Amino acid sequence: MTDAVLTVRELRVRTRGDAPLALVDGVDIDVGLGETVALVGESGSGKTMAARSVLRLLPANVELTAGGLSAVGTDVLAADGPALRGLRGGRVGMIFQDPMANFNPVLPVGRQVTEPVRIRQRMSKRAGDKLAAEVLGHVGIPDPERRCREYPHQFSGGMLQRAMIAMALVNRPSLVIADEPTTALDATLQVKIVKLLRLLQSEINAGILVITHDLGLVAELADRASVMYAGRIMETGRVGELFARPLHPYTRALLDSRPEGRTGADVRAIPGEPATPATRPGGCAFHPRCRLRVERPAADQARCVDEVPVLRLVALPGTTGTTGSTPSSSLAACHFATEMLTVGHLAQPRADHVPPDPDSAPVVTVAGVSKRFVTKSAWSGRRTGVTQAVDDVSFTLGHGESLGLVGESGSGKSTLGRMMVRLIEPDTGGITVHAQDASPVTGQQFRRTVQWVHQDPYGSLNPKMTIRRLITEVLARYRLASGSRAARVTELLGLVGLPPDLAERYPHQLSGGQRQRVAIARALAVEPRVLVLDEPLSALDVSIQAQVITLLRRLRADLGLSYVLISHDLNVVRTICDRVAVMCEGRLVEVGTVDDIYDRPQHPYTKTLLSAMLNVDPEDRAVPASPVTSTARS
Ligand code: SF4
């Protein structure tokens, strides 16, 4: 590759101390000018550590070694303080995941955005203000002259992420490192940020290294991608080929576990939990979860357990390489990568979709519900305005039905969900929950009938209680299973696919997926008819999301539950739900079956939401590809 702006060889990051843990283990990265390369992986895969190593932005308790690390022509390993400062915010721009945490709350946004230039060029205040308005306007922030004098808390999440991008690019860097640049944003904002990154990249021809767990973002943005697992690269290749013909079983499993956006889609969960540096097994790190291994003869299986596979080049027959003559190829760290050329989906269990009975009586009736919030000044306590969060909303939820509530942040979907579990009361209208005999339920019985599953299971579980106490507490509050509560705890854990010995652990000793299962078990303890699930998958890794989707489908079929699923992820909604209700500015603008909403949307807002879905098919990008230099693609 010519015009390389980043070359990393044999990168290793490990913790210091007597028993060091390998966080990144022998990783190579190449990024060319004008090229976008993705490092993709789940939590603990080492992708963020690898990216931060490029600017030596690592915590003090880890050490970095590498066979070579060159960024924009600078030897990063040998660079002294001034040389590193020249890279950071200068020739290398950084975009972080959480812009609010990375802006100083007491300085105007415009001043922070232009700080990298003002410091280097000793710019006057007037020139700095002019530049701030110019760059904020360039990234699409309206009224930039006024906005550049405002503070971070006065910006929405999407605008602040735009400002962060402006700050990263204000020095026209040759390399940009973007760490989960769209994770905290709504689907529509994600597409706008992808568009913006592509536009700006085409203007300054920078190389971009994007760190993400989102395969949709990889498909939309990247030219090449490396899939990381347990600190190592499992597969590297051009995105089109990686998605169409994955050579590593982990890549294949990640693609299969992602909700595919089709009704009753075949979501195939990867069994087990992602390996972490502390739990990484010997041999191939993926072997405990690998479906290809279990289909191999015993001798091959033993090889997977004993021998670490190295990354090797595998030609992709029937494709054409960049030179036009040889076939394309990918690098894969699997002893049997060539087998993957003939294997389709690996035999992960499917999550079958059971449609509800269309003639069933409604279990919830929402009639003309509205809710307003009065906003007050934090300083004077004076009323500053009124927000109509939910405005005259009506719908029904059938027995065994799954209804998706979708919309952007601030559309009112979470407020509506909270009213459905009586965390807040509506100003007008009513929500009626029906018992088996269709009579309305009230009081304590209401709370037993409708249960809430929170977005953040860690925040909703008392960290000082064991899992047994957390579930027993619910049983005791509702005077359930007295005399056999230990057995009921075991039964509930089994219902959500957790082993009984987990009852003695504390929430911090569980993985994110296990905590979400515990939260669901607690909700099921009172034998509800309805679960209101508030973004239940958004904090989980892709493979764990698929496990929870499988679990939710099974529970619905086994227990006859109805769901209200609040989510901004339209792929997840389509995979779990029967009907979808689209909310915009507090109103229901469209309600229909998933087929009607996704295939024949009527309302312009629904069409906008759907057009913002990031696809896993790079051929079907929501955002057209930007021109990339031929040298960068070589
Ligand atoms: S080396 Fe073995 S365990 Fe690892 S991915 Fe390949 S088949 Fe699976």
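Located above this text is the structure these notes cover.
Thresholds, definitions, all that
Residues numbered from 1 in each chain as written. Predicted model: local features only at pLDDT ≥ 70, side-chain atom pairs only at ≥ 80, totals over all residues. Heavy atoms only, no water. Pairing = 2+ DSSP bridges. Helix = DSSP H or I, 4+ residues; strand = E, 2+ residues; numbered from the N terminus. Axes fitted to C-alpha atoms, helices over the stretch in contact; angles between N-to-C directions. Contact = heavy atoms within 4.5 Å. Expected span 1.5 Å × (residues − 1). Buried < 20%, exposed > 50% of the residue type's maximum accessible area, 1.4 Å probe, protein only. Phe/Tyr/Trp six-rings, centres within 6.5 Å; stacked < 30°, edge-to-face > 60°. Lys NZ or Arg CZ within 6 Å of the ring centre and 35° of its normal. Core = buried A, V, L, I, M, F, W, Y, C linked by side-chain atoms within 4.5 Å. Salt bridge = Lys/Arg side-chain N within 4 Å of Asp/Glu carboxyl O. Parallel < 35°, antiparallel > 145°, perpendicular 65-115°, else oblique. Left-handed = near helix turned anticlockwise from the far one by under 90°. Nonpolar A, V, L, I, M, F, W, Y, C, P; charged D, E, K, R; others polar. Polar contact = N/O pair within 3.5 Å; in protein donor to acceptor, adjacent residues only side chain to side chain.

1. Concerning the sheet that holds strand E11 (residues 232-238)
Part 1 of the reasoning: Spatially, the eight strands line up as an open sheet ordered E7-E8-E9-E3-E10-E11-E13-E12, and their pairing is mixed. What marks the edges here is a single partner per strand, and that holds for strand E7 (92-95) and strand E12 (312-315). On average, each strand axis in the sheet is tilted by 15 degrees relative to the strand beside it, whichever way the strands run.
Part 2 of the reasoning: The pairing of strand E10 (residues 224-229) with E11 spans six bridges and is classified as antiparallel. What sits directly across from arginine 224, in E11, is arginine 238.
Part 3 of the reasoning: In the packing of helix H8 (residues 157-169) onto the sheet, contacts are made with E7 and strand E8 (175-179), and the angle to E7 comes to roughly 170 degrees.

2. Considerations on helix H20 (residues 512-524)
Part 1 of the reasoning: Between its terminal C-alpha atoms H20 stretches 19 Å, which fits the 18 Å expected from 13 residues at 1.5 Å a residue.
Part 2 of the reasoning: Within H20, twelve of the 13 residues are buried, leaving the element largely enclosed by the surrounding structure.
Part 3 of the reasoning: Turning to H20, its buried residues are Gly513, Gln514, Arg515, Gln516, Arg517, Val518, Ala519, Ile520, Ala521, Arg522, Ala523 and Leu524.

3. Things to note about the packing of aromatic side chains
Part 1 of the reasoning: Enumeration according to the criterion identifies three aromatic pairs in this entry.
Part 2 of the reasoning: When the centroid spacing of 4.6 Å and the interplanar angle of 55 degrees are considered together, the rings of tyrosine 229 and tyrosine 250 count as tilted. In this pair, tyrosine 229 is assigned in strand E10 and tyrosine 250 in helix H12 (residues 249-257), connecting sequence segments 21 residues apart. In terms of burial, tyrosine 229 and tyrosine 250 fall into one category: buried.
Part 3 of the reasoning: Put simply, the rings of Tyr229, Tyr250 and Phe286 touch in pairs and so form one group of aromatic residues.
Part 4 of the reasoning: In this structure, arginine 296 packs its charged tip against the face of phenylalanine 336, placed 4.4 Å from the ring centre.
Part 5 of the reasoning: Taking the ring centre of phenylalanine 446 as reference, the NZ or CZ of arginine 422 above it sits at 4.1 Å.

4. As for the sheet that holds strand E19 (residues 530-534)
Part 1 of the reasoning: Read from one edge of the open sheet, six strands run E18-E19-E20-E16-E21-E22, paired in mixed fashion. Each end of this open sheet is capped by a strand with a single partner; those strands are strand E18 (450-453) and strand E22 (587-593). Each strand of the sheet is rotated relative to its neighbour by a mean of 20 degrees, with strand direction disregarded.
Part 2 of the reasoning: Alignment of E18 against E19, held across four bridges, turns out to be parallel.

5. Side note on the nonpolar core
Part 1 of the reasoning: Membership of the largest hydrophobic core comes to 106 residues, with the highest contact counts inside it found for Leu6, Val113, Leu175 and Leu209.
Part 2 of the reasoning: The biggest single contributor to this core is H8, with nine residues.
Part 3 of the reasoning: With residues up to four places along the chain from it excluded, the contact list for leucine 209 reads Leu6, Ile29, Val31, Val37, Leu39, Ala51, Val176, Ile177 and Ala178.
Part 4 of the reasoning: Counting 58 residues, the second largest nonpolar core, distinct from the first, contains Tyr478, Val582, Ile597 and Tyr598.

6. A word on the pattern of salt bridges
Part 1 of the reasoning: Taken as a whole and assessed by the stated rule, the structure comprises 31 salt bridges.
Part 2 of the reasoning: The salt bridge involving glutamate 10 is made with arginine 12; its shortest N-O contact spans 2.4 Å.
Part 3 of the reasoning: With a relative accessible area of 36%, glutamate 10 lands in the partly exposed category.
Part 4 of the reasoning: Overall, arginine 12 belongs to the partly exposed group, its relative accessible area being 26%.
Part 5 of the reasoning: In this structure, aspartate 129 engages lysine 125 in a salt bridge whose closest nitrogen and oxygen atoms are separated by 3.0 Å. One end of the pair is aspartate 129 and the other is lysine 125, both in helix H6 (residues 125-138) and four residues apart, which spans about a single turn.
Part 6 of the reasoning: Connected through shared salt-bridge partners, Glu10, Arg12, Asp25, Arg232 and Arg280 make up one network.

7. Concerning the packing of helix H18 (residues 467-477) against H20
Part 1 of the reasoning: Running from N to C, H18 and H20 point in directions that differ by 25 degrees, and their axes come no closer than 9 Å. As judged from the angle between their axes, H18 and H20 are roughly parallel. Both H18 and H20 take part in a crossing whose hand is right-handed. Residues Ile467, Leu470, Ile471, Glu473 and Val474 of H18 touch H20, and the partners they reach there are Val518, Ala521 and Arg522.
Part 2 of the reasoning: Here the contact of H18 with H20 is built from residues that sort into six nonpolar, no polar and two charged.

8. Focus on the environment of threonine 236
Part 1 of the reasoning: Considering the arrangement of structural elements, one finds threonine 236 in strand E11.
Part 2 of the reasoning: Separated by 280 residues in the primary sequence, threonine 236 and glutamine 516 place their C-alpha atoms 32 Å from one another.
Part 3 of the reasoning: Every residue in contact with threonine 236, bar those within four places of it in the chain, is listed here: Arg224, Ala225, Ser226, Leu242, Ser330 and Leu331.

9. Details of the side chain of aspartate 214
Part 1 of the reasoning: Note on placement: aspartate 214 falls in the loop between strand E9 (207-212) and helix H10 (215-221).
Part 2 of the reasoning: Of the residues examined, aspartate 214 reaches a relative accessible area of 17% and is grouped as buried.
Part 3 of the reasoning: Among the polar contacts made by the side chain of aspartate 214, one reaches the main-chain amide nitrogen of glycine 216 at a distance of 2.8 Å.

10. Considering the environment of proline 317
Part 1 of the reasoning: Mapped onto the fold, proline 317 is located in the loop between E12 and strand E13 (329-332).
Part 2 of the reasoning: In sequence terms proline 317 and tyrosine 478 are 161 residues apart; their C-alpha atoms lie 63 Å from each other.
Part 3 of the reasoning: Not counting chain neighbours up to four residues away, the residues in contact with proline 317 comprise Arg245 and Leu341.

11. Observations concerning the packing of H20 against helix H21 (residues 542-559)
Part 1 of the reasoning: It is the contact of H20 with H21, at a shortest axis distance of 10 Å, that shows an interaxial angle of 20 degrees. With respect to H21, the axis of H20 lies roughly parallel. Between H20 and H21 lies a crossing of right-handed hand. From H20, Gly513, Arg517, Ile520 and Leu524 reach across to H21, where they touch Ile544, Gln547, Val548, Leu551, Leu552, Leu555 and Leu559.
Part 2 of the reasoning: Residues of the contact of H20 with H21, tallied by class, amount to eight nonpolar, two polar and one charged.

In short, geometric facts, not functional conclusions.
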